Every structure is written in structure tokens, then in C-alpha cells.
Amino acid sequence: MNHTERKALIKAIKSLKNAPEAGWPSSDTVERMDNRVMSYVQGQSRQSARPGLFFVLGMTKYLVSPRFAYTMAVIALMAVGAAAAISSQGALPGDTLYGAKLAVEKTQIRFTSNPARRAVVQMEFAGNRLKEARMIKQEGGTANGRVDDALTRFAKDVTEATDALKQAADPVQVKAATSEIAQKAEEYKQEIEFIVPLSKKRTRTVGMAAAAEQAEQALEGVEEPAVEEEDEDENKDEDEEKELEKELKEGQVGL
Amino acid sequence: MQKLKEKYLVFRISEGQDQQAFTQLYSLYREKIYQFVYFKVSSQEDAEDLASQVFLKAWEYLTDDNARRVQNFRAFIYQLTRNLVIDYYRMQGRAPQNVELEDIEEESAIEDPRSTFLLNQLYAEDRKYLDECLKQVKEAYREVIVLRYLEEIGIEEIAEIIEKNPGNVRVLIHRGLKSLRSVILSSNRKSLYEPHRTQSTNQSNQESEKRS
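Throughout what follows, the structure given in this document is the object of discussion.

Parameters at a glance
Residues numbered from 1 in each chain as written. Chains lettered and ligands numbered in written order. Predicted model: local features only at pLDDT ≥ 70, side-chain atom pairs only at ≥ 80, totals over all residues. Heavy atoms only, no water. Helix = DSSP H or I, 4+ residues; strand = E, 2+ residues; numbered from the N terminus. Buried < 20%, exposed > 50% of the residue type's maximum accessible area, 1.4 Å probe, protein only. Contact = heavy atoms within 4.5 Å. Patch = residues over 30% accessible without salt bridge, like charges linked within 9 Å, V, L, I, M, F, W, Y side chains within 5 Å. Areas by Shrake-Rupley, 256 points an atom, 1.4 Å probe, with all protein chains shown as cover. Salt bridge = Lys/Arg side-chain N within 4 Å of Asp/Glu carboxyl O. Lys, Arg positive; Asp, Glu negative; His and termini not counted. Charge placed at Lys NZ, Arg CZ, Asp CG, Glu CD. Phe/Tyr/Trp six-rings, centres within 6.5 Å; stacked < 30°, edge-to-face > 60°.

## Topic: the overall build of chain B
Stage number 1. Check the secondary structure of chain B and you find 10 helices and 0 strands.
Stage number 2. Sequence-ordered secondary structure for chain B, helices as α and strands as β, is α-α-α-α-α-α-α-α-α-α.
Stage number 3. Across the 212 residues in chain B, those meeting the buried criterion constitute 49%.
Stage number 4. Contacts in chain B between residues far apart in sequence, at least 24 positions, make up 69% of those at least 6 positions apart.

## A short note on the environment of Lys166(A)
Residues and elements named next belong to chain A.
Stage number 1. Summarising the element assignment, lysine 166 is placed in helix H7 (residues 146–167).
Stage number 2. Using a relative accessible area of 63% as the deciding quantity, one classes lysine 166 as exposed.
Stage number 3. Residues lysine 166 and alanine 119, spaced 47 residues apart in sequence, show a C-alpha to C-alpha distance of 9.0 Å.

## Focus on a negative patch on the surface
Stage number 1. A cluster of acidic residues, Glu15(B), Glu60(B), Asp64(B) and Asp65(B), forms a negative patch at the surface.
Stage number 2. Locating Asp65(B) in the fold gives a position in the loop between helix H3 (44–62) and helix H4 (73–91).

## Remarks on the pattern of salt bridges
Stage number 1. Counting across every chain of the model gives 21 salt bridges over all chains.
Stage number 2. We note a salt bridge from Lys135(B) to Asp131(B), for which the minimum N-O separation is 3.3 Å. Within this pair, Lys135(B) and its partner Asp131(B) are both found in helix H6 (residues 127–136), separated by 4 residues, close to a single helical turn.
Stage number 3. Residue Lys135(B) is classed as partly exposed on the basis of its relative accessible area, which comes to 24%.
Stage number 4. Since its relative accessible area comes to 0%, Asp131(B) is described here as buried.
Stage number 5. Residues joined by salt bridges that share partners form a network here, namely Lys101(A), Glu105(A), Arg129(A), Glu132(A) and Asp157(A).

## Examining the packing of aromatic side chains
All names here are of chain B.
Stage number 1. Under the defined criterion, the tally for this structure stands at 10 aromatic pairs over all chains.
Stage number 2. Here the aromatic rings of phenylalanine 22 and tyrosine 26 are separated by 6.3 Å at their centres, their planes lie at 10°, and the arrangement is stacked. Placement of both phenylalanine 22 and tyrosine 26 in helix H2 (residues 19–41) is noted, with a separation of 4 residues, approximately one turn of the helix. Taken as a pair, phenylalanine 22 and tyrosine 26 share a single burial class, namely buried.

## Let's talk about a nonpolar patch on the surface
Stage number 1. A surface patch of nonpolar side chains, amounting to about 290 Å² of accessible area, comprises Phe68(A), Met72(A) and Ile75(A).
Stage number 2. Relative to the helices and strands, Phe68(A) resides in helix H4 (residues 66–87).

Spelled out as C-alpha cells, the structure:
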């Protein structure tokens with residue numbers, strides 16, 4: 001059967017649609033069917049259901065496929081999470097969204113697979129703790145231990161940063177990260193001085209002393225970037241070789 | 001959108017035995033189901049009886065808290081119809097005609113240079129005759145042809161209705177069309193295309209005489 005024949009055949013079959021000579025029911029037939037079916041249904045039906053909350057919920061549950069509902073739920077959760085992350089950025093210790101802020105930072109650290117990069121990121125977040133401590137101090141909230149809390153977390157972040165750096169294997173990455181972390185450490189030392197300054201008697205206010213000490217000790221654990229001594233040694237060797245050659249030529253060295 | 005509307009109506013029937021919702025669905029499918037049954041049983045009285053039963057059964061099923069199982073009302077109503085017709089056959093002591101997809105092709109296509117011309121003429125003029133030819137095609141083929149070209153249902157949905165895979169449905173449709181074509185061309189009916197047949201039959205008779 002060629003294409004033309006097939007097309008003609010299909011067209012002819014379609015012409016049977018609604019054709020009485022091809023089984024389409026007459027009006028009499030339809031009327032008889034209606035009488036039979038609808039009389040049975042009428043005897044058993046109730047009035048239209050009035051939409052209430054349970055009806056609407058049930059209908060939604062029925063109409064929406066499980067896969068679609070799951071996808072929408074995931075999108076909604078992600079949207080809520082993103083909104084929480086954005087609004088929690090300015091949160092301080094003791095605020096409702098502070099936990100969300102820390103959770104966002106932890107998530108970011110977890111998704112940083114490179115240990116050297118993770119160390120730098122952790123150190124940056126440590127800086128956030130100092131910023132929080134400074135803001136609390138400026139708001140006058142030093143009395144209720146919130147600054148202590150921030151400083152304690154700062155110390156913990158710095159320690160975790162140095163630990164992460166020890167896990168890094170690539171010497172080039174380690175070198176770059178060490179330099180960056182050390183620079184931040186210097187900045188942070190000055191910041192701690194500002195937040196918890198020594199009095200004229202060079203003692204800190206009781207209560208924040210331990211936290212400040214802990215923070216400074218953590219910064220002491222940050223390694224200084226290595227001085228580039230290898231090049232100097234190489235240059236020294238080269239100079240010595242040239243000197244030796246010169247002496248040999250001039251016969252000053254007896255062999 | 002139509003499917004969603006039907007789902008909503010099914011839900012209303014299931015939750016509240018809503019007569020108005022059922023009436024809407026019944027009106028949509030009443031004639032189609034009748035014609036579908038007619039092509040199976042070839043009797044108007046039986047078609048009317050069976051088609052009515054289809055909707056009574058559908059009402060009972062839906063009001064028995066089964067709405068969740070009916071994701072596609074159209075597929076559901078056609079499946080219900082098929083099952084009722086099978087029960088009807090059993091009551092009559094008849095076995096429904098099935099075809100194995102591995103069956104050898106029935107008749108080879110008749111290579112007739114007049115066929116396209118004749119078919120075009122035929123199809124344009126006599127639906128009753130085409131209906132009679134269609135009834136001579138095996139039921140399994142006829143069923144898919146009716147669903148595809150009269151009810152205009154997609155292959156995937158037909159597969160769902162007759163519980164086969166889409167590939168099998170395509171094969172059945174292809175064989176069904178070939179079978180219908182063979183029935184038409186091999187028919188002894190002369191009244192419609194006799195003038196054409198006379199002219200070209202004379203020619204072909206002359207040619208065969210020359211050869212012999």
C-alpha cells in the first residue's frame with residue numbers, strides 16, 4: 001500500500017465519524033440511553049458538593065501528580081532557604097536568624113572541597129565573628145556575653161582554618177593560602193585590640209578576657225608565610241662556583 | 001486542559017456523587033462509546049444496551065471512592081467498554097477475535113494500478129459500504145482503527161486502553177489498514193464502481209487474452 005492509498009483510506013475512515021450509516025446513534029437512540037442512564041443516576045446522586053477546605057485539599061491532592069507536588073515542594077524549600085539566607089546576613093549572636101547565618105556559612109564551607117581554599121574561607125568567616133563583636137560593642141551589648149560568644153566562635157574558626165590548611169597537599173596552593181591567612185591574622189589582631197582593649201593597667205575587662213585570650217592564641221597558631229631562602233642559597237652556590245672556577249684558572253687552588 | 005477538566009469532574013463525582021458532573025462527562029462520551037460498541041458488536045440494539053451499561057458501571061465505580069485510580073477518564077471509559085463487550089461475547093458463547101502480532105501477513109497486497117483511483121472514488125461516495133467492509137476486518141484491527149481515526153486517540157493512549165505497548169499498536173494499525181484495503185479491493189460489490197470497472201476491466205481482459 002503506497003502513501004497515497006493510505007492517506008485516502010484514512011481520510012475515508014475519518015469520514016465515518018458522526019455518520020449515522022456507520023453507527024453514530026440517532027436522536028431516538030440517544031434519548032433512550034439518556035432516560036435509562038440518568039434516571040438511574042438521579043436516584044443515587046446527591047446535590048453538588050459544596051466546596052469546603054477539605055474538598056479543596058482533597059481535590060488538589062487528586063489533581064496534582066505526586067512528582068509535580070514533590071518538585072514544587074523542593075522549589076518552595078529552596079526559595080525559603082534563600083530568603084532566610086539573605087535576611088540572616090545582618091544577624092548578630094542572640095538574634096533569631098543567627099543560627100541560619102551560621103548554617104549558611106557551614107554549608108558554604110562544606111561545599112568547598114579544596115582544603116587550602118576552605119582554610120581561606122574559614123578565616124574570612126572568622127572575620128565575620130569579629131565584625132559581629134564590634135557591632136555588638138557599638139550597640140552597647142557587651143554586658144550579656146554576646147561579645148564573648150562571638151570571640152569564642154572566632155577562635156574556633158581560626159583553629160579550623162589552620163587545621164584545614166594542614167590538610168592541603170599542593171605546595172603552591174598552601175603557599176598562597178598561608179600568605180592570605182597570615183595577612184588576615186594581622187588585621188584580626190588589631191581588631192581584637194579594638195574590641196577588647198587593654199586598659200591603662202593593661203588588663204582587659206573581666207568576662208571578655210578569656211575569650212580575647214583564646215582568640216589571640218588561635219591567631220598565634222597561624223603560620224607565617226615561608227621566607228624565600230632557596231633562591232638565595234642557589235645564588236650563593238652559583239657565586240661560589242664562579243669563584244672556584246676563577247681561582248682554578250688563576251691557579252690559586254692547588255690540586 | 002481537557003484532561004484536567006475531566007479529572008476535576010471525576011473528583012466531584014467521587015467525592016459528592018455529583019450528578020451534574022457526571023452528566024457533563026456522559027454527554028461528552030455518549031455517542032462515541034455507542035459508535036465504538038457498534039463497531040464491535042454490529043448490532044444497534046446491542047450497542048445501545050451495552051453503551052448504557054458502560055455509563056451505569058462508570059457511575060458505580062466512580063461513586064465507590066475510586067476516583068484516585070482514574071487518572072485518565074477517556075482511557076478508563078474505553079477500557080470499561082472493552083471489558084463489557086468481552087463479557088457480552090462470553091455470555092453469547094463467542095470468543096473475541098484476537099491477533100497474534102507474530103501472525104504471518106494475511107494477504108499480499110494486490111498491485112492494482114486502478115486502486116488509487118477506485119479507492120478515492122469509493123471513499124467519497126459510500127460510507128455505508130465502507131462501514132460494511134470495516135466490519136469484515138478482524139476485530140483487533142478494527143478496534144485500533146476506530147480508536148485512532150474515528151475517536152482520534154493518540155497511540156500512547158490506545159496502548160493504555162488495549163493494554164499493549166505503543167509499538168504493537170502501530171503494527172496493529174498498519175495491518176488493519178492493509179486488511180481493510182484488501183477487503184475493499186477484493187469485494188464483489190459492483191454497483192458503485194461498475195462503470196469504471198467495465199472500462200478498465202475490458203482493457204485488462206483484452207490484455208490477458210493477448211498473452212494467452
